[in-house]
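Fold and geometry: a report
Spelled out from the first residue to the last, the chains are:
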Amino acid sequence: MVHDTKERGLIQRLIGKIRRPITYHRQLQLWALLFVLPSITILVIFRLGPIIMSARLSLYDYNLLSRREIFVGLDNYTMGLSDRALWNAMKNTAVFVIAKVPLQAALALGLAMLVNRRWFGVGIVRSAPLMAVVMPMSIAAVLWQMMYHPSNGLINSIIRTFGHAPYGFLTDRHLAMPAIVITTLWKDVGFFMIFYLAGLQGIPSEYYDAAEVDGASPWAMFRYITLPLLRHTTTLVLILSTVFAFQVFIPVHVMTQGGPSGATDVIIYYMYKIAFSFMRMGYANAIAIITLVIVLAIAAFQLRAEPE
């Protein structure tokens, strides 16, 4: 009887909670979940799902043509430890990231500060970097490849007017990576300029007015007002820039094909060759998972390193 009474009381309390009217706050939460549900569904299907499949394939010796699957465990990961070409691709990717990310953030901030004020022609200056952003990367790579041409390129034509011999920007192993960096900077800097422009317009003008009254110099206002108040924007820009830099592929594929002598063979292009030239999908997916772990670790470090 005691147990029956407890069970009845529990059932009655559950029924009371079910019959209780939904509060306004709970309705807002349900509506918010309803609006976010399509994005979550797309994220799970097209992002999380492929990652899980990639992690599974990385444990197999999988041939794309024969569809042969042989479970090899962690052999694909240990293979990478002795793969000199993979280490070269990682080194080239690190050079690309280190060269591009800080320079891109600095240029984006400089452009944002330039167009944040009202002056004649500021609309044209604002829209010019965005034209490069909306251009497909493949077209931008072909355009810069033509500009880098040693005989007919615009850049070498300008160099010859000063009496210098033309440079093989895409055939010199010391110039090929800087050429790729410049191309991607031109393409992406306008995108990150928008982030900084939004951050600058969110800073109250009263801070600058008070600093000007106190006699602060423009450099002091930039150092002690602008930079600290843009720290969250800077962290976001650095994280996104790093992720995008690790994913560089199209400029390398179009302009250099990883050359000369492997100087621009970045990790995504090397993964592409392993998967579709050598048909070793298992090893290619292992490289993808390794790259994912590296990028997540760098992003976590950047978040923790953000000043309070």
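Look a little higher up for the structure.
Anyway, here's the lowdown on the structure attached to this text. (Residues numbered from 1 in each chain as written. Predicted model: local features only at pLDDT ≥ 70, side-chain atom pairs only at ≥ 80, totals over all residues. Heavy atoms only, no water.)

1. A short note on the overall build of the chain
For clarity, the cut-off: Note on conventions: DSSP H or I runs of at least 4 residues are helices, E runs of at least 2 residues are strands, and numbering of each starts at the N terminus. All radius of gyration figures rest on C-alpha atoms, and the globule criterion is 2.2 Å times the number of residues raised to 0.38. A 1.4 Å probe rolled over the protein chains alone gives each residue an accessible area, and that area as a share of the maximum for its type sets the label: buried under 20%, exposed over 50%, partly exposed in between.
For the chain, the helix and strand inventory stands at 14 helices and 2 strands. Expected size for 308 residues packed as a compact globule is a radius of gyration near 19 Å; at 27 Å, the chain overshoots this value by more than 25%. C-alpha extents for the chain along the principal axes are approximately 105 × 70 × 30 Å. Within the chain, the fraction of its 308 residues that count as buried is 34%.

2. Some details on the environment of alanine 105
The cut-off we apply is this: Any two residues having at least one pair of non-hydrogen atoms within 4.5 Å are treated as being in contact.
With respect to the helices and strands, the residue alanine 105 is situated in helix H4 (residues 84–115). The buried category is assigned to alanine 105, whose relative accessible area is 9%. In this structure, the C-alpha to C-alpha distance between alanine 105 and threonine 234, residues 129 residues apart in sequence, is 7.5 Å. When residues no more than four places from it in sequence are discounted, the contact partners of alanine 105 are Tyr196, Val237 and Leu238.

3. Points about helix H5 (residues 122–134)
Stated precisely, the cut-off is as follows: For a helix, the expected span equals 1.5 Å multiplied by the residue count minus one.
Spanning 13 residues, H5 covers 19 Å between terminal C-alpha atoms, matching the ideal 18 Å at 1.5 Å per step. If you check which residues of H5 are buried, you get Val122, Pro129 and Ala132.

4. Describing the packing of helix H2 (residues 24–57) against helix H14 (residues 281–304)
Note the threshold: Only the stretch in contact is used when fitting a helix axis, every axis being a line fitted to C-alpha atoms; angles between N-to-C directions are given from 0 to 180 degrees. Angles are sorted into four bins: roughly parallel if under 35 degrees, roughly antiparallel if over 145, roughly perpendicular if 65 to 115, and oblique for all others. Handedness of a helix crossing follows the sense of rotation of the near helix relative to the far helix, less than a right angle counterclockwise being left-handed and clockwise being right-handed. Residues are sorted three ways: Asp, Glu, Lys and Arg are charged, Ala, Val, Leu, Ile, Met, Phe, Trp, Tyr, Cys and Pro are nonpolar, and all the rest, Gly among them, are polar.
Between H2 and H14, the shortest axis-to-axis distance is 8 Å and the interhelical angle comes to 125°. Relative to H14, H2 is oriented oblique. Judged by the sense of rotation from one axis to the other, the crossing of H2 with H14 is left-handed. Contact residues: H2 offers Ile51, Ser54, Ala55 and Leu57, while H14 offers Gly282, Asn285, Ala288, Ile289 and Leu292. Per-class residue counts for the contact of H2 with H14 are 6 nonpolar, 3 polar and no charged.

5. Describing the packing of helix H9 (residues 205–213) against helix H10 (residues 218–229)
H10 packs onto H9 with a crossing angle of 165° between their chain directions and a minimal axis gap of 11 Å. Between H9 and H10, the interaxial angle falls into the category roughly antiparallel. Crossing geometry of H9 relative to H10 is assigned as right-handed. For the pair H9 and H10, the contacting residues are Tyr207, Tyr208, Ala211 and Glu212 in the first and Met221, Ile225, Thr226 and Leu229 in the second.

6. Looking at the nonpolar core
For the record, the criterion: Working definition of a nonpolar core: buried Ala, Val, Leu, Ile, Met, Phe, Trp, Tyr and Cys residues. They are joined through side-chain atoms within 4.5 Å.
Counting 23 residues, the largest nonpolar core has Phe96, Tyr148, Val252, Met255 and Val266 as the members making the most contacts within it. Counting only elements with at least two residues in this core, the list comes to H4, helix H6 (137–147), helix H8 (176–201), helix H11 (231–246) and helix H12 (250–256). If one sorts the elements of this core by residue count, H8 sits on top with 5 residues. Excluding its chain neighbours within four sequence positions, the residues that come into contact with valine 266 are Ala89, Asn92, Thr93, Met177, Val248 and Val252. If you look at the next biggest cluster of nonpolar residues, it comprises 19 residues, including Val189, Tyr196, Leu230 and Val237.

7. Regarding the environment of tyrosine 148
Mapped onto the fold, tyrosine 148 is located in the loop between H6 and helix H7 (154–161). Dropping the residues within four chain positions of it, tyrosine 148 is found in contact with Ile155, Asn156, Tyr167, Phe169, Leu170, Ala179, Ile182, Thr183 and Met255.

Geometric values such as these leave the question of function open.
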